[in-house]
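Residue-level structure breakdown
Each chain is listed here by its residues.
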Amino acid sequence: MNFTNTTVGLASDHTGVELKESIKTILTGRGLKFTDFGSCSAERCDYPDYAHPLARAIERDEIEMGIALCGTGNGMAITLNKYPHIRAGLAWNAEIARLVSAHNKANILIIPARFIKPEDVFGILQAYLDTPFEGGQHQIRINEINNI
């Protein structure tokens, strides 16, 4: 894992609530704690209402990493990546989750809830959490991203 704090922030809109419950079970099984920033209901809601508290918690160093879900993942990605210290990466399979960690050192994994089956989320999380950042040329690119 690229992070030392074992508390993971979770955020989702209504489309990700069910899958988020599966993620909580996986995290608990790995001995990780989590803070759920919502939503906790399948009632229609707006993803920015949950993305902002997750991003702010990371910006304030309350947590180091998070997992966010919305229908396609794109809304969460757009919202979260507005924050200067957030690198949120969208992954819909284990290989992309691995690369989000290895190449981008993403501190938030975004999962497109409408397109991921509950039985597939374990492999995605495992790849993201267990893949170390490779550094090297990828660190150079992160430095360039931060140099705006």
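All figures in this text were calculated on a predicted structure; none of them were measured in a lab.

Rules and cut-offs
Once a new chain begins, its residue numbering starts again from 1 and follows that chain's sequence as written. Restriction of local features to residues with pLDDT of at least 70 applies here, the model being predicted, together with a cutoff of 80 or more for giving and counting side-chain atom pairs; totals for whole chains, interfaces and linings are based on all residues. Each side-chain value is worked out from all heavy atoms of the structure, with water and hydrogens disregarded. With axes taken as lines fitted to C-alpha atoms, and helix axes fitted only over the stretch in contact, angles between N-to-C directions fall between 0 and 180 degrees. The way it works is that DSSP assigns letters per residue, a run of H or I at least four long becomes a helix, a run of E at least two long becomes a strand, and they are numbered from the N terminus. Throughout, the term roughly parallel applies to angles under 35 degrees, roughly antiparallel to angles over 145, roughly perpendicular to angles from 65 to 115, and oblique to all others. By convention, the crossing between two helices is left-handed when the near helix turns anticlockwise from the far helix through less than a right angle, and right-handed when the turn is clockwise. Any two residues whose heavy atoms approach within 4.5 Å at even a single point are treated as in contact. For this classification, Asp, Glu, Lys and Arg are treated as charged, while Ala, Val, Leu, Ile, Met, Phe, Trp, Tyr, Cys and Pro are nonpolar and the rest, including Gly, are polar. Each salt bridge in this description consists of a side-chain nitrogen of Lys or Arg and a carboxyl oxygen of Asp or Glu lying within 4 Å of one another. Exposure categories follow from relative accessible area, calculated using a 1.4 Å probe and restricted to protein chains: below 20% of the type maximum is buried, above 50% is exposed, and the middle band is partly exposed. Strands are labelled as partners when DSSP assigns at least two bridges between them.

Attention now moves to the packing of helix α4 (residues 94-102) against helix α5 (residues 118-130). At a minimum axis distance of 7 Å, the contact between α4 and α5 shows a crossing angle of 20 degrees. With respect to their mutual orientation, α4 and α5 come out roughly parallel. By crossing handedness, the relation of α4 to α5 is classed as right-handed. On the side of α4, the interface is formed by Ala94, Ala97, Arg98, Val100 and Ser101, while α5 contributes Gly123, Ile124, Ala127 and Tyr128. Tallied by class, residues from the contact of α4 with α5 come to six nonpolar, two polar and one charged.

In this structure the tally under the stated criterion is seven salt bridges. For the salt bridge of Lys24 with Asp36, the shortest nitrogen-to-oxygen distance reads 2.7 Å. One end of the pair, Lys24, is in helix α1 (residues 17-29); the other, Asp36, is in strand β2 (residues 33-36), and 12 residues separate them in sequence. When its relative accessible area of 23% is taken as the criterion, Asp36 is described as partly exposed. The partner of Asp46 in a salt bridge is Arg44, and the shortest N-O contact between them spans 2.7 Å. Look at Arg44 and you get exposed, because its relative accessible area is 61%. Overlapping salt bridges, with partners in common, bring together Lys20, Glu21, Lys24 and Asp36 in one network.

It is worth spelling out the sheet that holds β2 at this point. The strand order across the open sheet built from five strands is β2-β1-β3-β5-β4, with neighbouring strands paired in parallel fashion. Across the chains shown, the open sheet's two edge strands, defined by having one partner strand only, are β2 and β4 (88-90). If you compare each strand with its neighbour and ignore which way they point, the axes differ by 25 degrees on average. As defined by bridge partners, strand β3 (residues 65-70) adjoins strand β5 (residues 108-112) across five bridges and the pair is classed as parallel. Along β5, the bridge assignment pairs Gly66 with Ile108. With respect to the sheet, helix α2 (residues 48-59) is in contact with β1 (7-12), β3 and β5, its orientation differing from that of β1 by roughly 160 degrees.

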